[in-house]
Amino acid sequence: MMELQVYQKLLEANTNQLLQLTANTSGFERKESEDESWNVTQILEHCLILEGRVHKILLKANGKFAETPEIFGLEKQRKYAATAPLKKVKSPEFALPDGSHGTKEEILQKIKINRENLMAAIENGEIIIDLRTALHPFFGEITMSDWLHLLITHTERHMIQLQEILSDQQNL
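Rules used in this analysis
- Residues numbered from 1 in each chain as written.
- Predicted model: local features only at pLDDT ≥ 70, side-chain atom pairs only at ≥ 80, totals over all residues.
- Heavy atoms only, no water.
- Helix = DSSP H or I, 4+ residues; strand = E, 2+ residues; numbered from the N terminus.
- Buried < 20%, exposed > 50% of the residue type's maximum accessible area, 1.4 Å probe, protein only.
- Areas by Shrake-Rupley, 256 points an atom, 1.4 Å probe, with all protein chains shown as cover.
- pLDDT = per-residue confidence, 0-100.
- Axes fitted to C-alpha atoms, helices over the stretch in contact; angles between N-to-C directions.
- Parallel < 35°, antiparallel > 145°, perpendicular 65-115°, else oblique.
- Contact = heavy atoms within 4.5 Å.
- Nonpolar A, V, L, I, M, F, W, Y, C, P; charged D, E, K, R; others polar.
- Core = buried A, V, L, I, M, F, W, Y, C linked by side-chain atoms within 4.5 Å.
- Phe/Tyr/Trp six-rings, centres within 6.5 Å; stacked < 30°, edge-to-face > 60°.
- Lys NZ or Arg CZ within 6 Å of the ring centre and 35° of its normal.
- Salt bridge = Lys/Arg side-chain N within 4 Å of Asp/Glu carboxyl O.
- Pairing = 2+ DSSP bridges.
- Left-handed = near helix turned anticlockwise from the far one by under 90°.

### Re the overall build of the protein
A tally of regular secondary structure across the protein gives 5 helices and 2 strands. Reading the protein from its N end, one meets helices and strands in the order α-α-α-α-β-β-α. Sorting the 172 residues of the protein into buried and exposed places 47% on the buried side. For the protein, the computed accessible surface area is about 9,500 Å², with 53% contributed by carbon and sulfur atoms.

Shown next as structure tokens:
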């Protein structure tokens, strides 16, 4: 099983990277070459919405069980996340940003609080990280541990996009 302290450190580092990356942005920057692209705040809002959904999934895993604690694991998901920004992946309708979650700063604060609440729910036993699985639309049935890794790798994927946007802005 995944070591809780290891995951907690990974999640904290991931959160801090996201906060640092977006600290000095207006939130309105977007990829200049793509009219349909999301701006910084919309990407963050998408991450917030998705993380809320993952938290709910972790609370209500189905009765199926995997044979191993991880089906995909962190490194396999990271490999996908590192190459996925090169491929345009359509977001599920429920995770589309609509501007209803606040400003860039408010969204970042909500992400930070949600992640703290997630760790508290795991520590107090409200969320159990075991061999239960839940259906992911791309990966299929994945374990609770895989879902936790997904929070990190999904954010890493979008941090790559944010870095590209911010790099484009600096070159203008």
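Next, the rest of the story.
### Concerning the confidence of the model for the protein
Caution is warranted with low-pLDDT regions, since their predicted coordinates should not be read in detail. With 89% of its residues at a pLDDT of 70 or more, the protein shows a mean pLDDT of 86. Ranking the helices and strands of the protein by mean pLDDT puts helix 4 (residues 104–123) first, with 95, and helix 3 (residues 73–83) last, with 75.

### With respect to the packing of helix 1 (residues 4–22) against helix 4
Put simply, helix 1 and helix 4 touch, their axes get as near as 11 Å, and they point 175 degrees apart. As judged from the angle between their axes, helix 1 and helix 4 are roughly antiparallel. Listed contacts from helix 4 to Leu4, Tyr7, Gln8, Leu11, Asn14, Thr15, Leu18, Leu19 and Thr22 of helix 1 are Lys104, Leu108, Ile111, Lys112, Arg115, Leu118, Met119, Ile122 and Glu123. Its residues placed into classes, the contact of helix 1 with helix 4 shows 10 nonpolar, 4 polar and 4 charged.

### Observations concerning the nonpolar core
Grouped together as the largest cluster of nonpolar side chains are 23 residues, with contacts concentrated most on Tyr7, Leu58, Leu118 and Trp147. Among the elements of the structure, helix 1, helix 2 (40–59), helix 4 and helix 5 (144–170) are those that each provide at least two residues to this core. If one sorts the elements of this core by residue count, helix 5 sits on top with 6 residues. Among the nonpolar cores identified, the runner-up in size contains 13 residues, and Ile107, Ile111, Ile165 and Leu166 belong to it.

### Description of the packing of aromatic side chains
By the definition in use, this model includes 1 aromatic pair. Ring geometry for Phe138 versus Phe139: centroids 5.1 Å apart, planes at 80 degrees, classification edge-to-face. On the accessibility criterion, Phe138 (54% relative accessible area) is exposed. Residue placement shows Arg53 over the ring face of Phe94; its charged tip is 3.7 Å from the ring centre.

### As for the pattern of salt bridges
Per the stated rule, a full pass over the model turns up 5 salt bridges. With a shortest N-O distance of 2.9 Å, Asp130 and Arg132 are connected by a salt bridge. Neither Asp130 nor Arg132 differs from the other in exposure class; each is buried.

### A short note on the pairing of strand 2 (residues 140–143)
Across 4 bridges, strand 1 (residues 133–136) lies against strand 2 in antiparallel orientation. Bridge pairing links Ala134 to Ile142 in strand 2. What sits between strand 1 and strand 2 in their antiparallel hairpin is a turn of 3 residues.

### Overview of the packing of helix 2 against helix 4
Contact geometry of helix 2 with helix 4 gives a least axis separation of 9 Å together with a crossing angle of 20 degrees. Classified by the interaxial angle, the pair formed by helix 2 and helix 4 is roughly parallel. Relative to helix 4, the crossing made by helix 2 is left-handed. Residues Val40, Thr41, Leu44, Glu45, Cys47, Leu48, Glu51, His55 and Leu58 of helix 2 form the contact with helix 4, whose participating residues are Lys104, Ile107, Leu108, Lys110, Ile111, Asn114, Arg115, Asn117, Leu118 and Ala121. When grouped by side-chain class, the residues that make up the contact of helix 2 with helix 4 number 10 nonpolar, 4 polar and 5 charged.

### A few points about the environment of His55
Considering the arrangement of structural elements, one finds His55 in helix 2. Along the sequence, His55 and Arg115 sit 60 residues apart, while their C-alpha atoms lie 9.2 Å from each other. Discounting chain neighbours no more than four positions away, the residues touching His55 are Asn114, Asn117, Leu118, Ala121 and Ile127.

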